[in-house]
Amino acid sequence: MSGPADDITAAPPAAAPATAQADAADGDLAAAIYESLLSLAEELGPALPAGASPAQLAAVPRVPLDVVMSAGSDSGAHCCPVCLEPFAAAAAVEVLILPGCGHMLHAADECGPGWLRTSRRCPTCRIDFADALVLP
């Protein structure tokens, strides 16, 4: 007695056309998704950078810390919210005063400006300081 398992010459089931149809359907789906993404990108417009532009960064007031402290306006902060180092009242120390909220950041390039190049949000109160900027 011989059964289907014994017949080596038996043809495999006709699955090839189904695979071709599935591949075509996957290709159609991928094309439809791609077209949808292109349409969405067109609706949303160009992506905006998260950080401040050089012009915005240059417009942020840079003030010697001793001038700020002598005016009595320390905005309630005793340390920089970026590096968490205390503000040292020395003539050489400058701070950035963010428009819109008045919070201070160290003006050293690796501190406040470094933060603002990656985010336009104040690290203390999270407002977008660029909204309050007046550019020349």
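Here, every reference points to the structure presented above.
Being a predicted model, the structure only gives us computed values, none of them experimental.

A. Spatial organisation of the sheet that holds strand E2 (residues 94-97). Spatial strand order, E1-E2-E3: three strands in an open sheet with antiparallel pairing. Strand pairing shows two members of the sheet lacking a second neighbour, strand E1 (62-64) and strand E3 (104-106), which therefore form its edges. If you compare each strand with its neighbour and ignore which way they point, the axes differ by 40° on average. Relative to E3, E2 runs antiparallel, the two being bridged by three bridges. Note on E3: the bridge partner recorded for Ile97 is Met104.

B. The arrangement of the pairing of E2 in detail. Here E1 runs beside E2; their pairing, made up of three bridges, is antiparallel. Note on E2: the bridge partner recorded for Arg62 is Leu96. Here E2 folds back onto E3, and the loop between the two strands holds six residues, one of which, Gly100, carries a positive phi near 95°.

C. Here's a closer look at the nonpolar core. Among the nonpolar cores identified, the biggest contains 20 residues, and Leu98, Leu116 and Phe129 are the most heavily contacted of them. Counting residues per element, the ones that place at least two in this core are helix H3 (65-70), E2 and E3. Every residue in contact with Leu116, bar those within four places of it in the chain, is listed here: Gly51, Ala52, Leu57, Leu96, Leu98, Leu105 and Phe129.

D. Spatial organisation of a nonpolar patch on the surface. Taken together, the side chains of Leu29, Ile33, Leu37, Leu40 and Leu44 define a hydrophobic patch exposed on the protein surface, amounting to about 510 Å² of accessible area. One can find Leu37 in helix H1 (residues 16-44). Leu37 sits in the exposed class, given a relative accessible area of 51%.

E. Molecular detail of the pattern of salt bridges. Within the structure shown, the criterion is met by three salt bridges. Of the charged contacts in the structure, one is a salt bridge between Asp109 and Arg117, with a shortest N-O distance of 2.4 Å. One salt bridge connects Arg120 with Asp128, and the closest N-O pair in it is separated by 3.5 Å.

F. Molecular detail of the side chain of Asp128. For Asp128, the position within the fold is in the segment after helix H4 (112-118). For Asp128, the side chain forms a polar contact with the main-chain nitrogen of Ala130, separated by 3.1 Å. Setting aside its immediate chain neighbours within four residues, Asp128 contacts Arg120 and Arg121.

G. Region of the structure containing unusual backbone geometry. At Leu84, a residue that is not glycine, the phi angle is positive and equals roughly 65°. Structurally, Leu84 can be placed in the loop between H3 and E2.

H. Region of interest: the environment of Arg62. Relative to the elements of secondary structure, Arg62 occurs in strand E1. Take Arg62: its relative accessible area is 44%, and that puts it in the partly exposed class. With residues up to four places along the chain from it excluded, the contact list for Arg62 reads Glu94, Val95, Leu96, Ala107 and Pro113. Within the structure, the side chain of Arg62 is placed 3.3 Å from the backbone oxygen of Ala107, a separation counted as a polar contact.

Thresholds applied
Residues numbered from 1 in each chain as written. Predicted model: local features only at pLDDT ≥ 70, side-chain atom pairs only at ≥ 80, totals over all residues. Heavy atoms only, no water. Pairing = 2+ DSSP bridges. Helix = DSSP H or I, 4+ residues; strand = E, 2+ residues; numbered from the N terminus. Axes fitted to C-alpha atoms, helices over the stretch in contact; angles between N-to-C directions. Core = buried A, V, L, I, M, F, W, Y, C linked by side-chain atoms within 4.5 Å. Buried < 20%, exposed > 50% of the residue type's maximum accessible area, 1.4 Å probe, protein only. Contact = heavy atoms within 4.5 Å. Patch = residues over 30% accessible without salt bridge, like charges linked within 9 Å, V, L, I, M, F, W, Y side chains within 5 Å. Areas by Shrake-Rupley, 256 points an atom, 1.4 Å probe, with all protein chains shown as cover. Salt bridge = Lys/Arg side-chain N within 4 Å of Asp/Glu carboxyl O. Polar contact = N/O pair within 3.5 Å; in protein donor to acceptor, adjacent residues only side chain to side chain.

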